[in-house]
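Observations on the model geometry
Each chain, written out:
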Amino acid sequence: HYAHALAKNARPRHLMDLIRLDTERLLIRDHLATDLADMQDLLSRQREMHYLPELTAATAAAAKANLEQARTSQVAAPRTLFFFAILEKSSGDYVGEIGFTCEEPSPLGCLAHLGYFIKHEFWNQGYITEAGRAVIRYGFESGRIWKFKTGCLAENRPSERVMQKLGFRKEAEFLQHQFHVDA
């Protein structure tokens, strides 16, 4: 399990009530209905979803339900789910997903769980680190989050390296905490 530092208070940046975060190479934004085909493609990929089988969507209906959950959460009050599409600015291509869930509210804000996954053709290009920095900054600057946490299976070393690059510190290693079947 990893944890990240305490938040600063500032104002969130919104575009027409949708969250939009720009980095040098990426656009990270709230989902649109037009994201369905890209999301279905990613959620049906065995390689990318290997460590997240609970999110796999083998059918169009399952992917649509996932997208609708993300879009419904955008207007919830209070908002506790922040799931974003990642797009490459230069091509407009859909890269993948990143976001956080507010798990434990407190007077300081929420303890949030960060998660991410992208298409394999975008692996090893620093996109998740870049997107993660923007999303973490947004969470802290919005005043919604006081601490981020995240985690991965011990065998998922690339994800663990991303967490380290994002400034997370390893606080614990849970043994037999999550059931996972190698296919």
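Our subject is the structure that appears above.
Residues numbered from 1 in each chain as written. Predicted model: local features only at pLDDT ≥ 70, side-chain atom pairs only at ≥ 80, totals over all residues. Heavy atoms only, no water.

**Comments concerning the overall build of the chain**
When its secondary structure is counted, the chain shows four helices and nine strands. Going from the N terminus to the C terminus, the chain shows its helices and strands as β-β-β-β-α-α-β-β-β-α-β-α-β. Burial analysis of the chain (183 residues in total) assigns 42% to the buried set. Taking all contacts inside the chain whose residues are at least 6 apart in sequence as the whole, residues at least 24 apart take part in 65%. When the accessible area of the chain is evaluated, it comes to approximately 10,400 Å², of which 54% is carbon and sulfur surface. (Helix = DSSP H or I, 4+ residues; strand = E, 2+ residues; numbered from the N terminus. Buried < 20%, exposed > 50% of the residue type's maximum accessible area, 1.4 Å probe, protein only. Contact = heavy atoms within 4.5 Å. Areas by Shrake-Rupley, 256 points an atom, 1.4 Å probe, with all protein chains shown as cover.)

**Here's the deal with the packing of helix 1 (residues 36-43) against helix 2 (residues 60-73)**
Running from N to C, helix 1 and helix 2 point in directions that differ by 115°, and their axes come no closer than 9 Å. In terms of axis orientation, helix 1 runs roughly perpendicular to helix 2. When the axes of helix 1 and helix 2 are compared, the crossing they make is right-handed. When helix 1 is examined against helix 2, the residues Leu36, Met39, Gln40 and Leu43 are found in contact with a partner set consisting of Ala60, Ala63, Lys64, Asn66 and Leu67. (Axes fitted to C-alpha atoms, helices over the stretch in contact; angles between N-to-C directions. Parallel < 35°, antiparallel > 145°, perpendicular 65-115°, else oblique. Left-handed = near helix turned anticlockwise from the far one by under 90°.)

**Section: the pattern of salt bridges**
As enumerated under the stated definition, the model contains six salt bridges in all. Between Arg25 and Glu130 there is a salt bridge, and its shortest N-O distance comes to 2.6 Å. Here the residue Arg25 occupies a position in the loop between strand 3 (18-22) and strand 4 (26-30), and Glu130 occupies one in helix 3 (residues 127-141), the gap between them amounting to 105 residues. Measuring nitrogen to oxygen at the nearest pair gives 2.8 Å for the salt bridge that ties Asp35 to Arg29. A single salt-bridge network, built from bridges that share partners, covers Arg20, Asp22 and Lys89. (Salt bridge = Lys/Arg side-chain N within 4 Å of Asp/Glu carboxyl O.)

**Some details on unusual backbone geometry**
Looking along the chain, the bond that leaves Ala77 and enters Pro78 is cis, with omega of -5°. Secondary-structure assignment places Pro78 in the loop between helix 2 and strand 5 (81-88). Located in the positive-phi region is Asn124, a residue other than glycine, with phi close to 60°. With respect to the secondary-structure elements, Asn124 resides in the loop between strand 7 (109-118) and helix 3. On the basis of relative accessible area, Asn124 is assigned to the exposed category, the value being 79%.

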